[in-house]
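# Structural overview
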Amino acid sequence: MRISFCLPSCNYNIILTREELQQLIDTGHTGVIRPDRIPGLYYDERGRRQECVYHDLRYLDRNGEESVQFLTVNVEKETSDNGQS
């Protein structure tokens, strides 16, 4: 599994091999990424205020902390022996 984080879009990318994807299909999980649980509120479709606990995924490095805006999961393409897809 490879991961990357891109600014300014705050896009968190997860790239899985076919074997990791098969493990995900077979077992329901691969690797460990645990977002924080934070309290929050939102307004439902009728305009009523609702309180709930959300998962908050953040990217942290030596330059600071960024909230993840988008999460992308990709599966690596298999390549032939000559390096082409």
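Scoring rules and cut-offs
For every chain, the first residue of its written sequence is number 1, and the numbers climb from 1 along that sequence. Only residues with pLDDT of at least 70 are given local features in this predicted model, and only at 80 or more are side-chain atom pairs given and counted; all residues enter the totals for whole chains, interfaces and linings. Excluding hydrogens and water, the side-chain figures rest on all heavy atoms present in the structure. A side-chain nitrogen of Lys or Arg and a carboxyl oxygen of Asp or Glu constitute a salt bridge if their distance falls within 4 Å. Remark: exposure states derive from per-residue accessible area (1.4 Å probe, protein chains only) relative to the maximum for the residue type, with buried under 20%, exposed over 50%, and partly exposed in between. By convention a nonpolar core is built from buried Ala, Val, Leu, Ile, Met, Phe, Trp, Tyr and Cys residues, the set being connected through side-chain atoms within 4.5 Å. Segments assigned H or I by DSSP are reported as helices when at least four residues long, segments assigned E as strands when at least two residues long, and all are numbered from the N terminus. The contact rule is simple, with two residues in contact once any of their heavy atoms fall within 4.5 Å. Under this rule, positive means Lys or Arg and negative means Asp or Glu; His and the chain ends count for nothing. A pair of strands is treated as paired once DSSP finds two or more bridges between them. Axes here refer to lines fitted to C-alpha atoms; in helices the fit is confined to the stretch in contact. Angles between the N-to-C directions go from 0 to 180 degrees. On a range of 0 to 100, pLDDT expresses the predictor's confidence in each residue.

Attention now goes to the pattern of salt bridges. When the charged atoms of two side chains with opposite charge come close together, those side chains can pair. Tallied over the full model, the rule gives 1 salt bridge. For Arg49, the salt bridge goes to Glu51, with nearest N and O atoms at 3.9 Å. Glu51 shares its class with Arg49; the two are exposed.

Before going further, it helps to examine the nonpolar core. Formed by Phe5, Cys10, Tyr12, Ile14, Leu16, Leu57 and Val68, the largest nonpolar core amounts to 7 residues. The greatest single-element share of this core, amounting to 3 residues, is contributed by strand β2 (residues 11–16). Not counting residues within four places of it along the chain, the set of residues in contact with Cys10 comprises Phe5, Glu66, Ser67, Val68, Gln69 and Phe70.

Structurally, Glu20 can be placed in helix α1 (residues 18–27). Buried charge without a partner: Glu20 forms no salt bridge, and the closest opposite charge is Arg2, 7.8 Å away.

Note on sheets: strands pair through backbone hydrogen bonds, and any given pair is parallel or antiparallel. Strand order across the open sheet formed by 3 strands is β1-β2-β7, with mixed pairing between neighbours. Either end of the sheet is taken by a strand with one partner, and the two such strands are β1 (2–6) and β7 (70–75). With direction set aside, neighbouring strand axes in the sheet form an average angle of 15°. Contacts from α1 reach β2 and β7 within the one sheet, and its direction differs from that of β2 by about 95°.

What follows covers the confidence of the model for the protein chain. Scored by pLDDT, the protein chain has a mean of 77; 84% of the residues are at 70 or more. Looking across the protein chain, the model is least confident in strand β3 (residues 36–43), with a mean pLDDT of 72, and most confident in α1, with 85.

Here the residue pair Leu7 and Pro8 is connected by a cis peptide bond, since its omega of 10° sits within 30 degrees of zero. Its location among the elements puts Pro8 in the loop between β1 and β2. For Cys10, which is not a glycine, the phi torsion comes out positive at approximately 55°. Along the chain, the position of Cys10 falls in the loop between β1 and β2.

What follows covers the side chain of Asn11. One can find Asn11 in strand β2. Apart from the residues within four sequence positions on either side, Asn11 is in contact with Ser4, Phe5, Cys6, Phe70, Leu71 and Thr72.

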